[in-house]
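Analysis of the macromolecular model
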Amino acid sequence: MSPETGSLLLAAAPIGRPEDASRRLLAALADVPVVAAEDTRRLRRLAADLGVEIAGRVLAHHEHNERASVDGLLAELLAGRDVLVITDAGMPGVSDPGYRLVRAAVAKGVPVTVLPGPSAVTTALVVSGLPTDRFCFEGFPPRKQGERARRFASLADEPRTMVFFESPRRLADSLAAMGEAFGRDRPAAVCRELTKTYEEVRRGSLAELAKWAAEGVLGEITVVVGGAPEREGLTEPSDLAAAVADREASGVARKQAISEIAKENGLPKRVVYDAVVTASK
């Protein structure tokens, strides 16, 4: 790595209250020669609220120009200038611009560091009241109904707590679709306007939350959904073989019966097959 290479700094921005900004963010804004902002006007408003003067050039780096702006920002880094990336709220790269630039910087040996701070993902997770020991972030669900249904269906058996972002306009539809895929009684929480004056956290089943959201919701939304409960399925070989026999007796072919029983009990098909073979000896 060249000693003249600049550093890429990813800065977490407040998700609501400006006073949540870190001292490191304030220092970077007052020192770094190039600032890449998702919204330059919002950045200047944040700087004014924080009482800090931005020292460097401010460039736009958002979802509509991200691919094109990466080359220019990488050139700045390779020329020896540090670049600070900041989004409207939260951490760059988490459903916001940042990933492509990080990937390009890493490929060129440019050092990358993070100025930690607020995150809607972890804030919603800990306030939801749902398990926090294991979780996954699923971003924004697809906008189209069919794609959204398929995405949720693929997550129906996910055991970890899931965190989503969603538009308030699509919230009711997404919650209803989650109920269809995960079960209407699955526990969840809708976190609205986190850290802001009108912060609200609604907890309940997906069915209850979908009914509430149908009345209209405003603000920035983060949805937290409990993971799939452990299946209490069959495990004993004799029980598995008997279940396959019952399915066959109803007219289902043995191969299909084995596949169905395996899926219903969260087992590899080989385990069920072996149970059937053993029982037939």
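Now for a description of the structure that goes with this document. (Residues numbered from 1 in each chain as written. Predicted model: local features only at pLDDT ≥ 70, side-chain atom pairs only at ≥ 80, totals over all residues. Heavy atoms only, no water.)

It is worth spelling out the environment of E236 at this point. Take E236: it is sitting in the loop between strand 10 (221-225) and helix 9 (237-249). Assessed through its relative accessible area of 46%, E236 is described here as partly exposed. With 36 residues separating them along the chain, E236 and V272 place their C-alpha atoms 9.7 Å apart. (Helix = DSSP H or I, 4+ residues; strand = E, 2+ residues; numbered from the N terminus. Buried < 20%, exposed > 50% of the residue type's maximum accessible area, 1.4 Å probe, protein only.)

In terms of nonpolar packing, the biggest core is built from 22 residues, with L171, L175, M178, F182, V223 and V225 touching the most fellow members. Looking at this core, the elements that each hand over two or more residues are strand 7 (161-166), helix 7 (171-182), strand 8 (187-192), helix 8 (206-213) and strand 10. Every residue in contact with F182, bar those within four places of it in the chain, is listed here: F152, L155, A156, M162, L206 and V225. Listed in part, the 20 residues of the second largest apolar core include L9, A11, A13 and A47. (Core = buried A, V, L, I, M, F, W, Y, C linked by side-chain atoms within 4.5 Å. Contact = heavy atoms within 4.5 Å.)

Turning our eyes to something else, we now look at the pairing of strand 4 (residues 83-86). Side chains V83 and V85 of strand 4 all project onto a buried face; the interleaved residues L84 and I86 project onto the opposite face, where all are buried too. Here four bridges tie strand 1 (residues 8-11) to strand 4, and the two strands are oriented parallel to one another. Looking at the pairing, L8 lines up with V83 of strand 4. Note that strand 2 (residues 34-37) and strand 4 share four bridges and pair parallel. By the bridge assignment, V35 is partnered in strand 4 with L84. (Pairing = 2+ DSSP bridges.)

Moving on, we come to helix 10 (residues 254-264). The set of residues buried in helix 10 consists of A257, I258, I261 and A262. Within helix 10, the buried residues cover an arc of 130° as seen down the axis, which keeps them to one side. Exposed positions of helix 10 whose direction lies more than 90 degrees from the buried face are K255 and K263. Within two residues after helix 10, G266 carries a phi angle of roughly 65°, on the positive side. (Arc of directions from axis to C-beta.)

Overall, mixed pairing links the five strands, which are arranged 6-7-10-8-9 in an open sheet. Both edges of this open sheet fall to strand 6 (135-137) and strand 9 (200-205), since each of them pairs with a single strand only. When strand polarity is set aside, the average angle formed by the axes of neighbouring strands in this sheet is 20°. Summarising the sheet, strand 7 and strand 10 pair through five bridges and their orientation is antiparallel. Bridged to F165 within strand 10 is T222. Contacting strand 7, strand 8 and strand 10, helix 7 crosses the sheet at an angle of about 10° to strand 10. (Axes fitted to C-alpha atoms, helices over the stretch in contact; angles between N-to-C directions.)

Now for the sheet that holds strand 1. Read from one edge to the other, the open sheet built from five strands follows the order 3-2-4-1-5, with strand pairing classed as parallel. Looking at the sheet topology across the chains shown, the edges are occupied by strand 3 (57-60) and strand 5 (112-115). With strand direction ignored, the average angle separating the axes of adjacent strands in the sheet is 25°. Of the strand pairs in this sheet, strand 2 and strand 3 are connected by four bridges, and their pairing is parallel. From the neighbouring strand, A37 faces strand 3, where its bridge partner is A60. Packed onto the sheet, helix 2 (residues 40-50) meets strand 2, strand 3 and strand 4 and runs at close to 140° relative to strand 3. Seen against the sheet, helix 4 (residues 99-107) touches strand 1, strand 4 and strand 5 and runs at an angle of roughly 155° to strand 1.

Another point: unusual backbone geometry. Although it is not a glycine, S95 sits at a positive phi angle of roughly 60°. When you line up the elements, S95 lands in the loop between strand 4 and helix 4. Phi is positive for E193, which is not a glycine, with a value near 55°. Locating E193 in the fold gives a position in the loop between strand 8 and strand 9.

What follows is about the pattern of salt bridges. Using the criterion set out here, one finds 14 salt bridges in the structure. For R100, the salt bridge is made with E66, and the minimal N-O distance between the two is 3.1 Å. Here the residue R100 occupies a position in helix 4, and E66 occupies one in helix 3 (residues 66-78), the gap between them amounting to 34 residues. On the basis of relative accessible area, E66 is assigned to the buried category, the value being 7%. Among the ionic pairs, R170 bridges to E166, the shortest N-O distance being 3.5 Å. Across the pair, exposure class does not vary: R170 and E166 are buried alike. (Salt bridge = Lys/Arg side-chain N within 4 Å of Asp/Glu carboxyl O.)

Such coordinate-based values are descriptive only and should not be taken to indicate function.
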